[in-house]
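Breakdown of the fold
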Amino acid sequence: MSSKNIPMTSAVLVAGGAGFIGSNLVRTLLGTGKTVHCIDNFSTGYDRALAQCVQHNNFRLYKGDITDCHFMAQFRDAGYAEIYNLACPTGVPNIAKLGEEMLLASSAGSLNLLQIAKNNKSRYLFASTAEVYGDPEVFPQSETYAGNVDCVGPRSAYEEGKRFGEALTKEFARRHGVDTRIIRIFNTYGPNMWANDTRVIPHMLSRMALGEAVTIFGDGKNTRTFLHVKDLIRGFFLSMQKPWIGDVYNIGGEVEYTMTDLFALCSEIADYHLRPIFKPHFIEDHRRRLPDTTRIRHLGWRPRITLKTGLQQSYISILSQLQTTSRKMASSVLPVGISAADESHASI
């Protein structure tokens, strides 16, 4: 893509649009008639997450890194009405191998996007995380809680990167009057979570769909809340409409589930009868998470999709992915002239 400035537009810019949340956001924005420009370096995102979007006349995809000043110069004066910054590698297993990239995305990358927001008078949303609370000692966690954080611990690349991104976002609101909001996202799930995703819900559902053993790290007593991605995106939109700048919002589920509770619910949905395998956690884990959502509720937000309903939808989606993958693999090994549909009639 050329480094020249792109034409003036009232489009929405989504950084990190090929990720799980980003791709759902892009599809929702396109569904409302918005023109959407997406940036992603595909470090943890997938082309297939945007397969439907690339056919849309109102969509443009830019493959590149938000930390690259030369690449980002083309967006400097594009006139974006809104900017959503979701660009950061995700997944706890990726902290060890992508920690530097996490830190740079939330610092240098956020700076580049905030400067674009300043130049274009764009509304700006920074997607932060519940990880900024560390291993909390206060329940539920409100936005004023400073957290219990190890600044140089094994999870610090992600936690401290997001904390810095929040501070930088708030500074641009104070100093330059940029219209910003910060969303602290608690565990979220839904469409476009892939069967090979290491996060807990797709891991459990994909292993169950394959009839394989499910691993639970730790003793299974640690808790999380879970929110469907559609409910999260509604919170994004409500916060974007708010006329005051610089606010921070928790958005997440409001019921705690232990990992063994989650396993039992997924097992019921998948008709799965094996026992889980418990293993020591591969990284320092946090025992509990519970958001105080009072602030976003004042904007009229409420979660609408129950966990059981959302898990049923997710399981169907993962089954479909696995079946598609299986058909493609079968087609790739069949003799020339025999399709996957004809496989049962092929000679052995």
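Along each chain, residues carry numbers from 1 onward, in the same order as the chain's sequence is written. Given that the model is predicted, a residue must reach a pLDDT of at least 70 before its local features are reported, and side-chain atom pairs must reach 80 or more before they are shown or counted; all residues, however, enter totals for whole chains, interfaces and linings. Where side-chain values are given, they derive from all heavy atoms of the structure, hydrogens and water being excluded.

Here we come to the overall build of the protein chain. A tally of regular secondary structure across the protein chain gives nine helices and 13 strands. Taken over C-alpha atoms, the radius of gyration is set against a globule rule of 2.2 Å times the number of residues to the power 0.38. Relative to a compact globule of 348 residues, whose C-alpha radius of gyration would be 20 Å, the protein chain shows 21 Å and is just as compact. In terms of overall dimensions, the protein chain has a C-alpha envelope of 70 × 50 × 35 Å along the principal axes. Out of the 348 residues belonging to the protein chain, those deemed buried represent 50%. Contacts are assigned to residue pairs with any non-hydrogen atoms lying within 4.5 Å of each other. Put simply, of all contacts in the protein chain between residues at least 6 apart along the chain, 80% involve residues at least 24 apart. Think of it this way: any DSSP run of H or I at least four residues long counts as a helix, any run of E at least two long counts as a strand, and we number them from the N terminus. Only protein chains enter the accessibility calculation, which uses a 1.4 Å probe; a residue whose area is less than 20% of its type maximum is buried, one above 50% is exposed, and one in between is partly exposed.

Turning to the packing of helix α3 (residues 95–120) against helix α4 (residues 156–176), a few remarks are in order. How two helices sit against one another is set out by the angle between their axes and by the gap between those axes. Here an angle of 0 to 180 degrees is reported between the N-to-C directions of two axes, which are lines fitted to C-alpha atoms, with helices fitted over the stretch in contact. Across the interface, α3 lies against α4 with an axial gap of 8 Å and an inter-helix angle of 10°. With respect to each other, α3 and α4 are oriented roughly parallel. Along the contact surface, α3 presents Ile95, Gly99, Met102, Leu103, Ser106, Ser107, Ser110, Leu111, Leu114, Gln115 and Lys118, while α4 presents Ala157, Tyr158, Gly161, Lys162, Phe164, Gly165, Leu168, Thr169, Phe172 and His176. When grouped by side-chain class, the residues that make up the contact of α3 with α4 number ten nonpolar, nine polar and two charged. Working definition: roughly parallel below 35 degrees, roughly antiparallel above 145 degrees, roughly perpendicular at 65 to 115 degrees, and oblique for all remaining angles. Residues are grouped as follows: nonpolar covers Ala, Val, Leu, Ile, Met, Phe, Trp, Tyr, Cys and Pro; charged covers Asp, Glu, Lys and Arg; every other residue, Gly included, is treated as polar.

Of all hydrophobic cores here, the largest spans 54 residues; its most connected members are Tyr84, Phe236 and Leu311. Top element by residues in this core is helix α7 (residues 259–270). It accounts for seven residues. If sequence neighbours within four positions are ignored, Leu311 has contacts with Tyr189, Ile201, Leu205, Leu262, Leu265, Cys266 and Ile269. Of all hydrophobic cores here, the second largest spans 25 residues; its members include Ile6, Ala15, Leu168 and Ile182. Here, nonpolar core means buried Ala, Val, Leu, Ile, Met, Phe, Trp, Tyr and Cys residues that are tied together by side-chain atoms lying within 4.5 Å of each other.

On to the pattern of salt bridges, then. For this analysis, a salt bridge means a side-chain nitrogen from Lys or Arg found within 4 Å of a carboxyl oxygen belonging to Asp or Glu. Under the criterion given, the structure shown has 20 salt bridges. Across the pair Asp197 and Arg199 runs a salt bridge, and its minimum N-O distance is 2.8 Å. Overall, Arg199 belongs to the partly exposed group, its relative accessible area being 30%. Residue Arg234 is joined to Asp231 by a salt bridge in which the shortest nitrogen-to-oxygen separation is 2.8 Å. With Arg234 and Asp231 both in helix α6 (residues 229–241) and three residues apart, the pair spans about one turn of that helix. The class of Asp231 is buried, set by a relative accessible area of 1%. A cluster of three or more residues bridged by salt bridges with shared partners is formed by Glu131, Arg155, Glu159, Arg224, Asp285 and Arg289.

Next up on the list: the confidence of the model for the protein chain. You can read pLDDT as the predictor saying how much it trusts each residue, on a scale of 0 to 100. Mean pLDDT for the protein chain: 91, with 91% of residues reaching 70 or above. In the predicted structure, residues 333–348 sits below a pLDDT of 50 and forms seven contacts with residues beyond four places in sequence or in another chain.

Side chains Glu82 and Tyr84 of strand β4 (residues 82–85) all project onto a buried face; the interleaved residues Ile83 and Asn85 project onto the opposite face, where all are buried too. Pairing of strand β1 (residues 12–15) with β4, which is carried by four bridges, proceeds in the parallel orientation. Looking across to β4, one finds that Val14 is bridged to Tyr84. Pairing analysis gives four bridges linking β4 to strand β5 (residues 123–129), with the strands arranged parallel. Among the inter-strand pairings, Asn85 is bridged to a residue of β5, identified as Phe126. Handedness of a crossover is defined as follows: orient the strands so they point away from the viewer, and if the path from the first strand over the helix to the second runs clockwise, the crossover is right-handed. Regarding topology, α3 serves as the crossover connection from β4 to the parallel β5, and that connection is right-handed. Any two strands with at least two DSSP bridges between them are considered paired.

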